[in-house]
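Overview (structure and organization)
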Amino acid sequence: MKKLVVLSAACGVGKSTIKEALNENNMLDNYCCIDTDEVGINWWDYAGTENESAFSDDCLAEAVRMSNDKNLLFVTCMNPYDFYGVVRVPQNITSTFFIGMTCSDKEIIKRLKARPKERMCGSDEFIAEQIQYNNWFKKNAGKFQFYTDNTDKTVEETAAEIVTFIKSIE
């Protein structure tokens, strides 16, 4: 049986950067930190099909499998409402916790504009959607077991906050 901690935020907030810092510094040795992008499942294989909602199920199931015997820190854009309302949680997950993370609109714009063009994240429309989603996280901050705004924090500071939270639930 294992714990699932979901680090959730809009694109450009820094989820993958935090995950990399946690892994590189071995800050959570009893957790496997996996990003949705790492599970090898392509959203476009699901988009617009009758099985569109299965994307999240399949990503989570693969991340749980990849984590082997460790607890799982799953990095995703999924919010708790979508998660609990839509996603089938594998039976070996005994408890689930959500970390919501945000940053300023200005920071999201800067980060998304800096991404390579092939990631298709730099359009004004895409950025506006991410800012709107980021604002949803801010509005619902009190509904997360842990919430942080990393606008004025270093990657190391944000990672340390997350580690402190995760250790508090062990």
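Residues numbered from 1 in each chain as written. Predicted model: local features only at pLDDT ≥ 70, side-chain atom pairs only at ≥ 80, totals over all residues. Heavy atoms only, no water.

Below, the discussion takes up the pairing of strand E1 (residues 2–8). For E1, the tally of buried residues reaches 7 of 7 residues, placing the bulk of the element in the interior. Side chains of E1 alternate between two faces, with Lys2, Leu4, Val6 and Ser8 and Lys3, Val5 and Leu7 buried alike. Here E1 pairs with strand E4 (residues 93–102) via 7 bridges, running parallel. For Leu7, the partnering residue across the bridge sits in E4 and is Ile99. As defined by bridge partners, E1 adjoins strand E3 (residues 71–76) across 5 bridges and the pair is classed as parallel. Paired with Val6 across the two strands is Phe74, which belongs to E3. (Buried < 20%, exposed > 50% of the residue type's maximum accessible area, 1.4 Å probe, protein only. Helix = DSSP H or I, 4+ residues; strand = E, 2+ residues; numbered from the N terminus. Pairing = 2+ DSSP bridges.)

When pLDDT is averaged along the chain, the result is 90; 97% of the residues meet or exceed 70. Looking across the chain, the model is least confident in helix H3 (residues 80–86), with a mean pLDDT of 74, and most confident in strand E5 (residues 146–149), with 97. (pLDDT = per-residue confidence, 0-100.)

What follows deals with the sheet that holds E4. Read across the open sheet, the 5 strands follow the order E2-E3-E1-E4-E5; overall the sheet is parallel. Strands with a single pairing partner mark the edges of an open sheet, and in this sheet they are strand E2 (31–35) and E5. Averaged over all pairs of adjacent strands, the angle between strand axes in this sheet comes to 20°, irrespective of strand direction. Both E4 and E5 contribute to a ladder of 4 bridges, which runs parallel. Bridge pairing in E5 places Thr102 opposite Asp149. Contacts from helix H2 (residues 54–66) reach E1, E2, E3 and E4 within the one sheet, and its direction differs from that of E3 by about 140°. Sheet contacts for helix H5 (residues 124–139): E1, E4 and E5; angle to E4, the most-contacted strand, approximately 115°. (Axes fitted to C-alpha atoms, helices over the stretch in contact; angles between N-to-C directions. Contact = heavy atoms within 4.5 Å.)

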